[in-house]
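Architecture and fold: a report
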Amino acid sequence: MEPQNIININGIDYSFTPGETILEVATRNDIYIPTLCYLKGMSPTGVCRICLVEVEGVKTLLASCSTQATPGMVVKTDTPAVINARRMNIELLLASGDHNCLARSLDAGLWTDFQLDALDIEEHRDLCPAYGDCRLQDLAILYRVKPDHVVPVNPKYDVEDVNPFIVRDFSRCILCGRCVQVCNEIQVNKVISFGYRGATSKIITRGDRALKDSDCVFCGECLQVCPVGALMPKQDMALRTPVNEMKKVRTTCSYCGVGCQIYLHVKDNRIERVTGVEGTSPNLGSLCVKGRFGYDFVAHPERLTTPLIKKDGEFHEATWDEALDLVAKRMNDIKRDFGPDSIGLFTSARITNEENYLAQKFIRAVIGTNNIDHCARL
Ligand code: FES
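Now for a quick tour of the structure.

Calculation notes
Residues numbered from 1 in each chain as written. Predicted model: local features only at pLDDT ≥ 70, side-chain atom pairs only at ≥ 80, totals over all residues. Heavy atoms only, no water. Helix = DSSP H or I, 4+ residues; strand = E, 2+ residues; numbered from the N terminus. Buried < 20%, exposed > 50% of the residue type's maximum accessible area, 1.4 Å probe, protein only. Contact = heavy atoms within 4.5 Å. Areas by Shrake-Rupley, 256 points an atom, 1.4 Å probe, with all protein chains shown as cover. Salt bridge = Lys/Arg side-chain N within 4 Å of Asp/Glu carboxyl O. 1 Å grid on protein atoms, 1.4 Å probe; cavity = no way out; pocket = protein on both sides within 12 Å on 5 of 7 lines; lining within 4 Å. Points joined across faces, edges and corners; volume = space filled by probe spheres on them. Nonpolar A, V, L, I, M, F, W, Y, C, P; charged D, E, K, R; others polar.

**Quick notes on the overall build of the protein chain**
- Each helix and strand counted, the protein chain has 9 helices and 16 strands in total.
- Of all 378 residues assigned to the protein chain, the portion counted as buried reaches 42%.
- Counted over contacts in the protein chain with a minimum sequence separation of 6, partners at least 24 positions apart contribute 56%.
- Of the accessible surface of the protein chain, which amounts to about 21,700 Å², a share of 53% is contributed by carbon and sulfur atoms.

Printed below as a string of structure tokens:
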């Protein structure tokens, strides 16, 4: 450790590697600094000003996510000036759009009543759909933002609900830029960017078209990082389940062999939403359109749940024993009459390595042929 690479945070010295930001040094040492626009691994934009800290000798508060640690720097993360500035910035963000989780249609004067009223979801059916799953709301609670400090503004842009999977509600967008960063820097789809200027700023596609008319591939990465309710999965709002009523079940996506780690958000044994598990290989939270949105089939009323055997041109429901016995008999008949090389087996990238191994074992050892191939070579 080089002695000059020392930074003092809240009275304690910490070493840092040149290039590290104040936020990175603090986080590494379990010092909490709230963030909103910051995305780990991305170049910091420093737009939300929630991560402000006081640095000795500097007149203004600095965004810790975009300020590099320098030798001898003395930082304070929780002074009254810092707390007040963070609270004011949260109020400004809440006042910039339609954030009714805490600020709209709730006028109880005391913080506790106000908070309790907001928690009564039954009484507020028009609440923001991100209620309970919103970083801005969490911060508003943490910093005790008063609703009377937040003056509502009229939405400047209509809700875009013509897309197959994603609803864009610009009235709830705080222009933090996280969606733009992941679309451009992680997924490299380069579909969205900041458009217009000043009070009319908006996240736009090329030509400000709906996502469905753009190059968007609906990976949903933007939706996963949106810290508010500006981007929501398309669902019947009346049937939407509050986040605190869903159970998170970790599993592996079954669409292909990559093995992406996902959370199923489940209510009454029904999948309501899928998100990627962040910070875990192989997908680090990212998903494709199928993994993120292709789960309706699980509870679809037309889903086949029993084998079907065709008799006299018509399908009839059968048990698994009946179906497997029939397949085994027919394969044995074909092998006896035409030889094992008259049978071939195609396996799939959608099954596991172990299942693919068993498939080749079966065709070689049981059927007696090397006629095996894989859908990836078709
Ligand atoms: Fe640092 Fe937004 S988190 S400015």
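**Some points on the pattern of salt bridges**
- What the rule picks out here adds up to 14 salt bridges.
- Residue Glu-221 pairs with Arg-292 through a salt bridge whose shortest N-O separation is 3.9 Å. Placement of Glu-221 in helix 6 (residues 221-225) and of Arg-292 in helix 7 (residues 289-293) is noted, with a sequence separation of 71 residues between them. For the pair Glu-221 and Arg-292, one class covers both residues: buried.

**A few points about empty space enclosed by the protein**
- Applying the stated rule across the entire model yields 3 cavities of 30 Å³ or more.
- Space inside the largest cavity adds up to approximately 300 Å³.
- Together, 29 residues line the largest cavity, and Cys-179, Ile-192, Ile-203, Cys-222 and Leu-231 are the ones closest to its centre.
- Residue assignment for the lining of the largest cavity shows that the elements contributing at least two residues are helix 5 (178-186) and helix 6.
- Here the lining of the largest cavity takes 3 residues from helix 5, the largest share from any one element.
- Here the lining of the largest cavity is composed, by residue class, of 21 nonpolar, 4 polar and 4 charged.

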